[in-house]
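Chain and residue survey
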Amino acid sequence: MPPLVSPAPPPFRGRAQKMQAKTYHSTIPPKLQQLAKLPLPGKYNISIPSNVPRAISIIAPPPPTHEVPIVDVDDTVTAFWDYQFLFVSQRAEAAEPINLRLVEGEIPLDFPSGTYYLTGPGLFSDDHGSTVHPLDGHGYLRAFTIDGSKGQVKFTARYIQTEAQSEERDPVTGEWRFTHRGPFSILKGGKMVGNTKVMKNVANTSVLRWGGRLFCLWEGGDPYEIETRTLDTVGKFDVIKDDRKKNSDDRGFKVDVWDVAAEILKPILYGVFNMPPKRLLSHYKIDARRGRLLIMSCNAEDMLLPRSNFTFYEFDSNFKLLQSQEFIISDHLMIHDWAFTDSHYILFGNRIKLDIAGSMSAVCGLSPMISALTVNPSKPTSPIYLLPRLKTKEMRDWRIPIEAPSQLWVLHVGNAFEEKYENGNVEIQIQASGCSYQWFNFQKMFGYDWRSGKLDPSMMNLKQGQEKLLPHLIKVSINLEQNGNCKKCCVNDLNQWNKATDFPTINQDFCGGKNTYVYAATTSGLRQALPNFPFDTVVKLNTKDKSLHSTWSTRRRRFIGEPIFIPKGREEDDGYLLVVEYAVSTQRCYLVILDSKLMGEKNVLVARFEVPRNLNFPLGFHGFWAPR
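Residues numbered from 1 in each chain as written. Predicted model: local features only at pLDDT ≥ 70, side-chain atom pairs only at ≥ 80, totals over all residues. Heavy atoms only, no water.

Turning to the overall build of the protein chain, a few remarks are in order. Scanning the protein chain from terminus to terminus reveals six helices and 39 strands. Counting over 628 residues, the protein chain shows a buried share of 62%. Summarising the internal contacts of the protein chain: among those between residues at least 6 apart in sequence, 66% fall at separations of at least 24. In the structure as shown, the protein chain presents an accessible area of about 25200 Å², 52% of it carried by carbon and sulfur atoms. (Helix = DSSP H or I, 4+ residues; strand = E, 2+ residues; numbered from the N terminus. Buried < 20%, exposed > 50% of the residue type's maximum accessible area, 1.4 Å probe, protein only. Contact = heavy atoms within 4.5 Å. Areas by Shrake-Rupley, 256 points an atom, 1.4 Å probe, with all protein chains shown as cover.)

This brings us to the pairing of strand β39 (residues 622-627). Most of β39 sits out of view: five of its six residues are buried. Relative to β39, strand β4 (residues 114-119) is paired through six bridges, and the arrangement is antiparallel. Residue pairing across strands places Tyr116 opposite Trp625, the latter belonging to β39. (Pairing = 2+ DSSP bridges.)

Time to look at the pattern of salt bridges. The full count for this structure, using the stated rule, is 32 salt bridges. A salt bridge links Asp232 to Arg158; the shortest N-O distance between them is 2.9 Å. Separated by 74 residues along the polypeptide, Asp232 in the loop between β10 (224-226) and β11 (233-236) and Arg158 in strand β7 (residues 152-159) bring together distant segments of the chain. A salt bridge links Glu314 to Arg292; its shortest N-O distance comes to 2.7 Å. In this pair, Glu314 is assigned in strand β15 (residues 308-315) and Arg292 in strand β14 (residues 292-299), connecting sequence segments 22 residues apart. Overall, Arg292 belongs to the partly exposed group, its relative accessible area being 22%. Counted as one network, the salt bridges with shared partners bring together Asp287, Arg289, Arg290, Arg292, Glu314, Asp342 and Arg389. (Salt bridge = Lys/Arg side-chain N within 4 Å of Asp/Glu carboxyl O.)

With that settled, the discussion passes to the nonpolar core. Among the nonpolar cores identified, the biggest contains 105 residues, and Phe144, Trp552 and Phe617 are the most heavily contacted of them. The element that contributes the greatest number of residues to this core is strand β36 (residues 575-583), accounting for seven residues. Excluding its chain neighbours within four sequence positions, the residues that come into contact with Phe617 are Gln90, Leu118, Tyr140, Arg142, Phe144, Phe155, Val580, Tyr582, Cys589 and Val611. Listed in part, the 29 residues of the second largest apolar core include Leu141, Ala203, Cys216 and Tyr224. (Core = buried A, V, L, I, M, F, W, Y, C linked by side-chain atoms within 4.5 Å.)

Attention now goes to the environment of Pro377. Assignment of secondary structure puts Pro377 in the loop between β21 (373-375) and β22 (382-388). It is 9.6 Å that separates the C-alpha atoms of Pro377 and Ser436, two residues lying 59 residues apart in sequence. Once you skip the residues sitting within four places of it in the chain, Pro377 turns out to touch Gln407 and Tyr437.

The peptide bond linking Phe533 to Pro534 adopts the cis configuration, its omega dihedral lying at 5°. Within the secondary structure, Pro534 sits in the loop between β31 (517-522) and β32 (537-542). Phi at Phe319 takes a positive value of approximately 65°, unusual for a residue other than glycine. Summarising the element assignment, Phe319 is placed in the loop between β15 and β16 (321-329). With phi around 60°, Arg557 is a residue other than glycine that occupies positive phi space. Among the secondary structure elements, Arg557 is positioned in the loop between β33 (549-553) and β34 (559-560).

Attention now goes to a nonpolar patch on the surface. Together, Leu354, Ile356 and Met360 give the surface a local cluster of nonpolar side chains, amounting to about 300 Å² of exposed area. Here Met360 lies in helix α6 (residues 356-363). Overall, the relative accessible area of 58% leaves Met360 in the exposed class. (Patch = residues over 30% accessible without salt bridge, like charges linked within 9 Å, V, L, I, M, F, W, Y side chains within 5 Å.)

What follows is about the sheet that holds strand β29 (residues 486-493). Hydrogen bonding along the main chain pairs the strands of a sheet, whether they run parallel or antiparallel. Spatially, the four strands line up as an open sheet ordered β24-β25-β28-β29, and their pairing is antiparallel. Each edge of the sheet is formed by a strand with only one pairing partner; in this case those strands are β24 (408-420) and β29. Each neighbouring strand pair of the sheet contributes to a mean axis angle of 20°, computed without reference to strand direction. Two elements, β24 and strand β25 (residues 426-436), share 11 bridges in a ladder whose sense is antiparallel. Note that in β25 the partner of Leu408 across the bridge is Ser436. (Axes fitted to C-alpha atoms, helices over the stretch in contact; angles between N-to-C directions.)

Within the secondary structure layout, Gln464 lies in the loop between β27 (454-455) and β28 (472-480). Assessed through its relative accessible area of 79%, Gln464 is described here as exposed. Sequence separation between Gln464 and Pro531 is 67 residues; the distance between their C-alpha atoms is 9.0 Å.

In this section: the pairing of β15. In terms of burial, β15 is largely enclosed, as eight of its eight residues are buried. Where burial is concerned, the two faces of β15 agree: the one with Ser308, Phe310, Phe312 and Glu314 and the one with Asn309, Thr311, Tyr313 and Phe315 are both buried. Pairing between β14 and β15: six bridges, direction antiparallel. The residue of β15 that forms the bridge with Ser297 is Thr311. Pairing of β15 with β16 involves eight bridges; the strand directions are antiparallel. Its bridge partner being in β16, Thr311 is matched across the sheet by Glu326. Hairpin connection from β15 to β16: five residues lie between these consecutive antiparallel strands, with Phe319 at a positive phi of about 65°.

What the four strands build is an open sheet, ordered β8-β9-β10-β11; its pairing is antiparallel. Only two strands of the sheet have a single neighbouring strand rather than two, namely β8 (206-210) and β11. With strand direction ignored, the average angle separating the axes of adjacent strands in the sheet is 25°. Sheet analysis places strand β9 (residues 213-217) next to β10, joined by three bridges and oriented antiparallel. Residue pairing in the sheet places Phe215 in a bridge with Glu225 of β10.

Next up on the list: the confidence of the model for the protein chain. Residues at a pLDDT of 70 or more form 83% of the protein chain, whose mean pLDDT is 85. Low pLDDT (under 50) marks residues 1-57, which in the prediction has 121 contacts with non-local residues, meaning those over four places away or in another chain. Confidence drops under a pLDDT of 50 for residues 60-72, and excluding neighbours within four residues, the segment shows 33 contacts in the predicted structure. (pLDDT = per-residue confidence, 0-100.)

Let us look at the side chain of Asp337. As for its placement among the helices and strands, Asp337 is situated in the loop between β17 (333-334) and β18 (339-340). Using a relative accessible area of 4% as the deciding quantity, one classes Asp337 as buried. Engagement of the side chain of Asp337 in a polar contact is seen with the side chain of Lys285, the distance being 3.0 Å. Here Val413 takes part through its backbone nitrogen, which lies 2.8 Å from a polar atom of the side chain of Asp337. Excluding anything up to four places from it in sequence, Asp337 contacts His283, Lys285, Leu411, His412 and Val413. (Polar contact = N/O pair within 3.5 Å; in protein donor to acceptor, adjacent residues only side chain to side chain.)

Here it is, written out as structure tokens:
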């Protein structure tokens, strides 16, 4: 029988490995106040004393027996290092299920059994001096299988064996050498100039179980299919292969000059940079009422042209393609998440533009490929495209966007729905998280600096009074007249909740329909040096009553990721919330179960399960609940 946990990586052998070991251990002295001084000038400044380093390199994984020392120091010091330890690589895997230790509460008998899948990056540094942006970290899939009748949680964790992972990891020695640049990184210890390995599909962004099959997705490539029990990687899954064989149902218009430019770019992008013609987005939607999976793609050349091609696909539970529609929009947009209603696909457009100098630098390998793009704040409004989901005659020309009276970069969408009135008017509501164009920066997400390979928490934590620039929850209301004309569009804080917040989620049975409750990850604001991010609180908002909101917060020096709702009854908020808690001060992770109806009460916490320290993992991105 194979070991429950894969063996630790081989001992440091070469000069590069020894230097890495020395670098890592030098970051954990007896007292945190005496850590090496690495000042990093930045645009934003937080209240960190001068003797505290502003950034460090993303560090190598600690040995299994390591424990971060807990010392009584100024919170500005501990907060700085707490941020760093959210991004510690984890090389070990749990191939066989491990029973997690219950440390608080118990699982109730009525808890619906199933598996919570969580994906995200697992590795940030190799054994040859290269580090990568968290978004380029190799996908690491975690599975928490919950048995309500037995009150048990079993844990497994595996790396997704993508093409890039197979090339960069030596299967015999376990040594890593990064060879792919990825969109957000450059390689200090690898090939930089002339490196065309940009499309590093690491399958680290989201996870989906559909039609009895499990998939891990990435922003810009085919999903990888995973065996549901063992988490073994099956291989790439070409979900839109049937659509490639037939002509697209083109509902847009063509501009000759850009068609010619696209034809020139295609052999370069497809051949030299190995980009797929159609790039799947990592965010999908499930129409539970119709039993459909909705996914979306964009064209590879969209990155460089001032127009956007979006194709929407709808599948039944057997992955039979029910319909696909392509829309060509004469605007340069970047979409990460989107929404749907009974009648529309909804895109909240993030405007971008080509950075000529950045493009030249990126092509030469001197900067990340994403530096070829920059945000485009040329208009004070944000375009919202209402694209017809049904192939019927539209009263309104979908090519003309509704301009929301606010300049917002939308990150994630919780839900959207529409209400039709007797007079024929329609009201559409969108619940999402958005930030300011002034704050959003492709090259500094999570505070990662590709030039130094270091993390700077000040990027995610602004001075008092600048919080509005950061991600926060919004509600967009659109009133359409019977003829399709927009009568009114307004953008407001959702439930007047103005703290830094992201990862909005709802009871998925209500997705695309009218919902009352929204859950999200937010901040308590109690850490002076980390007032905005990482998040440490789950918030529940009642959208029908702006005065009603309730929260649950972690303990001191602990953070959380994305919460996910598990329904158990017919009422919308009758169920549980799952969230992973990162106790960075002791390098442990916990699976926390909350009672949704008891949010804000002292007895909201149902149970807390502890992941073994040697399997402690870095911050995850998105998860999926698969009922048994």
